[in-house]
Amino acid sequence: VGGTILGFCSAALPQLCQPFMRKITGGDFQAIGHFNMFGYALSGLLGNFFKKHVDDTTENIKFPKALSFFKDFLMGFAFVMLILFYIAAIAAGKPAVMKISGGVDWLVFPLVQALTCTAGISVLMTGVRMFLAEITAAFNAFAEKFIPGSRPALDVPTIFPFAPTAVLVGFLSSYAAGLIGVGIMIAFHFDMVIIPAAHICFFSGGTAAIFGNSTGGWRGAVFGSFIVGLLLVFLPVLLYPAISSMGVSTAMFPNVDYNVVGSLLNSILGLFH
C-alpha cells in the first residue's frame, strides 16, 4: 500500500508544477519529478504577488565586476559555504575544530571543507545529468510504444540552466529562512530543533526560486524560496513523532512532499491503529 501511494504521488504531483514548468522552459516537453512539488508549486503561486515585476528576473541582476563570479552558481555556492564554514569554525573555537580537522590547521580546515562540499555538489549534479540522460532515452522508447504523448518527470538540475542565478538566490534565501526557523525553535523551546541541510536548501530552495522567478521575477524568487525554506525546517516537526516511533530519532526527511503526505497518512492510519 505504501509503495502504491508513493507511485501515485510520483505520477500525480508533477501535475501541480506543470503550469509553471511551461513558463520556465517555454514548452511542455518535460515535467519535474522531485518530492518537493508542493513547495515548488507554492513558490510559483506566491510569485504571483509580484507578477507586475515578472520581467525583472534574477537573470537581469547586474553584479559588480568583483562579484561577477556569482553568475556561476557553483562558484557562488563555494563562496557562501566558505563564509558559513568560517563562521562555524570561529564560533566553535580552535580546540573544537582541531579535534575533527585531522591535523589540518584550524583556519585552513574551513577552506578545505567548503571546497570539498562544492566539489561534491558538482560531482552530484554531473552524475544526475548523466543518469537522467539515460533514463530519458529509455522513457521515450517506452512512451512511444505504450503511452504516446507522455512526458518524463525529471530531477531538478535539469531546469537549473533556465535560471542559474535564481538557484543561488534561492539557496541563500531558503538557508536564511532555515536559520531563522532554528532561532524560533530555540526561542520557543521546541522539543527538537531541525537544522537546515545546505544541500537541501541548494537543490530545493534553488528550484523554488526558479518557480517564483517565473511568475514574480527576483522578488518572487526570494519570497517563494524563503517560504519553502521555512517549510523545510518546520514541516519535519509535524512528522517527527511518527518517524521517532519507528526508532529513528537523530534525523528527519526535510522534503515538503514527504512531510505533507506522511503527516496526512499518519493522521489517517492513526484512526485504525
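What you see as residue numbers is a count from 1 along each chain, following the sequence as written. Local features are withheld for residues below a pLDDT of 70 in this predicted model, meaning they are given only at 70 or higher, and side-chain atom pairs are given and counted only at 80 or more; totals for whole chains, interfaces and linings count all residues. Computation of side-chain values covers all heavy atoms of the structure but excludes hydrogens and water.

(A) How the structure looks around the overall build of the protein chain. Here a helix means four or more residues in a row that DSSP labels H or I, a strand means two or more in a row labelled E, and each is numbered from the N terminus. When you go through the protein chain residue by residue, the secondary structure sums to 9 helices and 2 strands. Going from the N terminus to the C terminus, the protein chain shows its helices and strands as α-α-β-α-α-α-α-β-α-α-α. At 20 Å, the protein chain has a C-alpha radius of gyration in line with the 19 Å of a compact globule built from 273 residues. Dimensions of the protein chain along its principal axes, counting C-alpha atoms only, are 60 × 55 × 40 Å. In the protein chain, which comprises 273 residues, the proportion classed as buried is 42%. Residue contacts follow a heavy-atom distance rule, with two residues in contact if any of their heavy atoms lie within 4.5 Å. Summarising the internal contacts of the protein chain: among those between residues at least 6 apart in sequence, 73% fall at separations of at least 24. When the accessible surface of the protein chain is summed, it comes to about 14,400 Å², and 71% of that surface belongs to carbon and sulfur atoms. Two things to know: the radius of gyration comes from C-alpha atoms, and the globule rule equals 2.2 Å times the number of residues to the power 0.38. Any residue under 20% of the maximum accessible area for its type is buried, any over 50% is exposed, and the rest in between are partly exposed; the area is computed with a 1.4 Å probe on protein chains only. Computed by Shrake-Rupley with a 1.4 Å probe, the accessible areas treat only the displayed protein chains as cover when residues are assessed.

(B) Here's a closer look at a nonpolar patch on the surface. Patch criteria: residues need more than 30% relative accessible area and no salt bridge. Like-charged residues are merged within 9 Å; nonpolar side chains of Val, Leu, Ile, Met, Phe, Trp and Tyr are merged within 5 Å. Salt bridges are defined by distance alone: a side-chain nitrogen of Lys or Arg within 4 Å of a carboxyl oxygen of Asp or Glu. On the surface, a cluster of nonpolar side chains totalling about 370 Å² of accessible area is made up of Ile180, Ile184, Phe188 and Phe190. Along the chain, the position of Phe188 falls in the loop between helix H7 (164-187) and helix H8 (198-244). The exposure class assigned to Phe188 is exposed, which follows from its relative accessible area of 61%.

(C) Representation of unusual backbone geometry in the model. The backbone phi angle of His189 is positive, close to 55°, even though this residue is not glycine. By secondary structure assignment, the location of His189 is in the loop between H7 and H8.

(D) Expanded view of the pattern of salt bridges. Taken as a whole and judged by the stated rule, the model has 3 salt bridges. Between Asp28 and Arg22 there is a salt bridge, with its nearest N and O atoms 3.2 Å apart. For Arg151, the salt bridge goes to Asp28, with nearest N and O atoms at 3.4 Å. With Arg151 in the loop between helix H6 (109-146) and strand E2 (153-154) and Asp28 in the loop between helix H2 (14-25) and strand E1 (31-32), this pair connects stretches of sequence that are 123 residues apart. In this structure Arg151 comes out as partly exposed when scored by relative accessible area, which is 39%. Residue Asp28 is classed as partly exposed on the basis of its relative accessible area of 27%. Overlapping salt bridges bring together Arg22, Asp28 and Arg151 as one network.

(E) Broad picture of H6. Taking 1.5 Å of rise per residue, the 38 residues of H6 would be expected to cover 56 Å, and the 54 Å separating its terminal C-alpha atoms lies within 8% of that figure. Listing the buried residues of H6 in full gives Phe109, Pro110, Ala114, Thr118, Ile121, Met125, Val128, Leu132, Thr136 and Ala143. Contacts made by the buried residues of H6 are with helix H4 (73-92), helix H5 (94-100), E2 and H8. Expected helix span is computed as 1.5 Å times (number of residues minus one).

(F) Representation of the nonpolar core within the structure. Nine residue types can take part in a nonpolar core, namely buried Ala, Val, Leu, Ile, Met, Phe, Trp, Tyr and Cys, and a core is a set of them joined through side-chain atoms within 4.5 Å. Within the largest apolar cluster, 44 residues are counted, with the highest numbers of intra-cluster contacts made by Ile32, Phe160, Phe171, Phe202, Ile210 and Phe211. Taken together, the elements giving at least two residues each to this core come down to H2, helix H3 (37-47), H4, H6, H7, H8 and helix H9 (256-270). Here this core takes 13 residues from H8, the largest share from any one element. The next biggest cluster of nonpolar side chains, apart from the first, holds 10 residues, and it includes Val237, Leu239, Ala242 and Met252.

(G) Geometry of the environment of Val97. Tracing the backbone shows Val97 in helix H5. Its relative accessible area of 5% is what places Val97 among the buried residues. Taking C-alpha positions, Val97 is 9.1 Å from Pro110, a pair spaced 13 residues apart along the chain. Apart from residues lying up to four places away in sequence, Val97 is in contact with Ala89, Ala92, Trp106 and Phe109.

(H) Spotlight on the packing of H4 against H7. Running from N to C, H4 and H7 cross one another at 20°; their axes reach a closest spacing of 9 Å. If you check the angle between H4 and H7, you find them roughly parallel. Between H4 and H7 lies a crossing of right-handed hand. Together, Phe73, Gly76, Phe77, Val80, Met81 and Leu84 of H4 and Pro164, Val167, Leu168, Phe171, Leu172 and Tyr175 of H7 make up the contact between the two elements. The nonpolar class holds Ala, Val, Leu, Ile, Met, Phe, Trp, Tyr, Cys and Pro. Asp, Glu, Lys and Arg form the charged class, and all remaining residues, Gly among them, are polar. Per-class residue counts for the contact of H4 with H7 are 11 nonpolar, 1 polar and no charged. For helices, the fitted axis covers only the stretch in contact; all axes are lines through C-alpha atoms, and the angles between them, taken along N-to-C directions, range from 0 to 180 degrees. An angle below 35 degrees is treated as roughly parallel, one above 145 as roughly antiparallel, one from 65 to 115 as roughly perpendicular, and anything else as oblique. For any pair of crossing helices, the crossing counts as left-handed if the nearer helix is rotated counterclockwise from the farther one by less than a right angle, and right-handed if it is rotated clockwise.

(I) View of the side chain of Gln30. Structurally, Gln30 can be placed in the loop between H2 and E1. Residue Gln30 is classed as buried on the basis of its relative accessible area, which comes to 8%.

(J) Expanded view of the packing of H8 against H9. For the pair H8 and H9, interaxial distance at closest approach is 9 Å and the crossing angle is 30°. Classified by the angle their axes make, H8 and H9 are roughly parallel. Here H8 and H9 pass one another in a crossing that is left-handed. Counted together, Leu231, Leu232, Leu235, Pro236, Leu238, Leu239 and Ala242 of H8 and Val256, Tyr258, Asn259, Val260, Gly262, Ser263 and Asn266 of H9 form the full contact between these two elements. A breakdown of the residues in the contact of H8 with H9 according to their chemical character gives 10 nonpolar, 4 polar and no charged.

Taken by themselves, the reported measurements are silent on function.
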